[in-house]
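Chain by chain, the residues:
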Amino acid sequence: MTPLGGRTEGEEEWSKRYKFLEGKGYLLRPRYRPDWKPTWISESGEVDTKARLDAEDHVMSWYDFLLDAKRLEDGTPVMLKRVKSTSPEIPIGRYVSSPELRDIERNHCIPLLDVLEDPLDLHYSILVLPLLRRIELPPVKTVGECADFIRQTLEGLVFLHEHEIAHRDCAKGNIMMDARRIFPDGWHPMDPVYLPNLKPAGEGLSRTETGGVRYYFIDFGLATRGESLVLGKDGQERAPELETGDETLYDPFKLDIYILGKTFEEYIVKDTRGAEFMVKPLVKLMTAKDPKRRPTAEECLDLLRRLTKSLSPRVTARQLRKYRPNQETVTRTLILDVMTWMGDLLRKPAKQPEEVTPLDSFWI
């Protein structure tokens, strides 16, 4: 019988690979040591419930195929992802992470740091990836931060499409951020609301005042390269062309435009107020039902530049407000809009850092 908080079957599989991974330079947490015993269970078998909640080794993995580790060479936290050796994540990841491409500013693909053959199942490989953070933890808070998020993701899509790569699943869940600037003490890989020591991580520092974060597309499991027409309807976002059946060919690059447009709509338009003037025109074009009427990624980026080129520092510093549909009335909306306009006139521009130190590369 598995003790309270004991390892799951999936975690046991990782434990079997503990020594192999250590030999390759990646150390799993104490929970995954082959001889691990829960620190909250006494020798006599008594369970200390309070001690369990405070113990780092009680934190379980969310998914059987994903686990955190530490790179022994420099102590950098990484994520290990177990995938089929035939997954497009491997060749595409190696291509975009090649020395020729990985330092290009517009490359917003998650770096593929290493690929290991699974020693216990040669049909699988283990990808070594950077530890990133979900984009809504915390969400963007100003017009400027919103514009930066849209710019980076559109730049990333331009880069992919220039290299004939279609992501085909670039939804909100597959966009993450390098949040090391706003969480300088880090966060627990499996429970990011906490620090590595399980103390509350809080909201983090301001994106604006720390020089911002870098956004990355992750999970290239559905991606294709060099294919102008594809089949298949898997993915997080149900675009119109995916509703016509498995045997209908469609343009994967136009699908990317739709999916990213829906991401902007779900993450910004439906959840906040204050940046509609910038986001709604993009969303309307990007989510056209007819794929042929959608702009290219480069055209979307050009439109964003036109929409934002004349923004004053006071407007970019404008705080977005949470949209609460059940509280919105015409009068309340009018009052809040007037307050926003007055704030733009009176607000002092946010202080920008005099010098932004670039983040260390994930590469050794």
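Residues numbered from 1 in each chain as written. Predicted model: local features only at pLDDT ≥ 70, side-chain atom pairs only at ≥ 80, totals over all residues. Heavy atoms only, no water.

## Observations concerning the environment of Glu145
Okay, step 1: Relative to the elements of secondary structure, Glu145 occurs in helix H5 (residues 143–162).
Okay, step 2: Its relative accessible area of 8% is what places Glu145 among the buried residues.
Okay, step 3: Glu145 sits 174 residues away from Gln319 along the chain, and the two C-alpha atoms are 9.6 Å apart.
Okay, step 4: Setting aside its immediate chain neighbours within four residues, Glu145 contacts Val140, Ser206, Arg207 and Thr208. (Helix = DSSP H or I, 4+ residues; strand = E, 2+ residues; numbered from the N terminus. Buried < 20%, exposed > 50% of the residue type's maximum accessible area, 1.4 Å probe, protein only. Contact = heavy atoms within 4.5 Å.)

## Examining the sheet that holds strand E1 (residues 26–27)
Okay, step 1: With antiparallel pairing, 5 strands are arranged side by side in an open sheet as E1-E2-E3-E5-E4. Strand pairing shows two members of the sheet lacking a second neighbour, E1 and strand E4 (114–117), which therefore form its edges.
Okay, step 2: Pairing of E4 with strand E5 (residues 124–130) involves 4 bridges; the strand directions are antiparallel. From the neighbouring strand, Leu116 faces E5, where its bridge partner is Ile126.
Okay, step 3: Against the sheet, helix H4 (residues 89–96) engages strand E3 (77–84), E4 and E5, with an angle of about 140° to E3. (Pairing = 2+ DSSP bridges. Axes fitted to C-alpha atoms, helices over the stretch in contact; angles between N-to-C directions.)

## Observations regarding the packing of H5 against helix H8 (residues 297–308)
Okay, step 1: At a minimum axis separation of 8 Å, H5 and H8 run at an interaxial angle of 155°. When the interaxial angle is binned, H5 and H8 end up roughly antiparallel. Here the hand of the crossing between H5 and H8 comes out left-handed. Across the interface between the two elements, Ala147, Ile150, Arg151, Leu154, Glu155, Leu157, Val158, His161 and Glu162 from H5 touch Ala297, Glu298, Cys300, Leu301, Leu304 and Thr308 from H8. (Parallel < 35°, antiparallel > 145°, perpendicular 65-115°, else oblique. Left-handed = near helix turned anticlockwise from the far one by under 90°.)

## Quick look at the nonpolar core
Buried together is how nonpolar side chains tend to be arranged in soluble globular proteins.
Okay, step 1: Phe149, Ile150 and Val279 are the most contacted members of the largest nonpolar core, which totals 89 residues.
Okay, step 2: Setting aside chain neighbours within four positions, we find Ile150 in contact with Phe264, Ile268, Val279, Leu282 and Leu304. (Core = buried A, V, L, I, M, F, W, Y, C linked by side-chain atoms within 4.5 Å.)

## Notes on the pattern of salt bridges
Okay, step 1: Applying the stated criterion across every chain, the model contains 28 salt bridges.
Okay, step 2: As a salt-bridge pair, Glu56 and Arg29 come within 3.0 Å of each other at their nearest N and O atoms. Residue Glu56 is found in the loop between helix H3 (49–54) and strand E2 (66–71), and its partner Arg29 is found in the loop between E1 and H3; the two are separated by 27 residues along the sequence.
Okay, step 3: Between Arg238 and Glu243 there is a salt bridge; the shortest N-O distance is 3.6 Å.
Okay, step 4: Under the relative-accessibility criterion, Arg238 is labelled partly exposed at 35%.
Okay, step 5: Using a relative accessible area of 52% as the deciding quantity, one classes Glu243 as exposed.
Okay, step 6: Through salt bridges that share partners, Glu13, Lys16, Arg17, Arg82, Asp118 and Asp121 make up one connected network. (Salt bridge = Lys/Arg side-chain N within 4 Å of Asp/Glu carboxyl O.)

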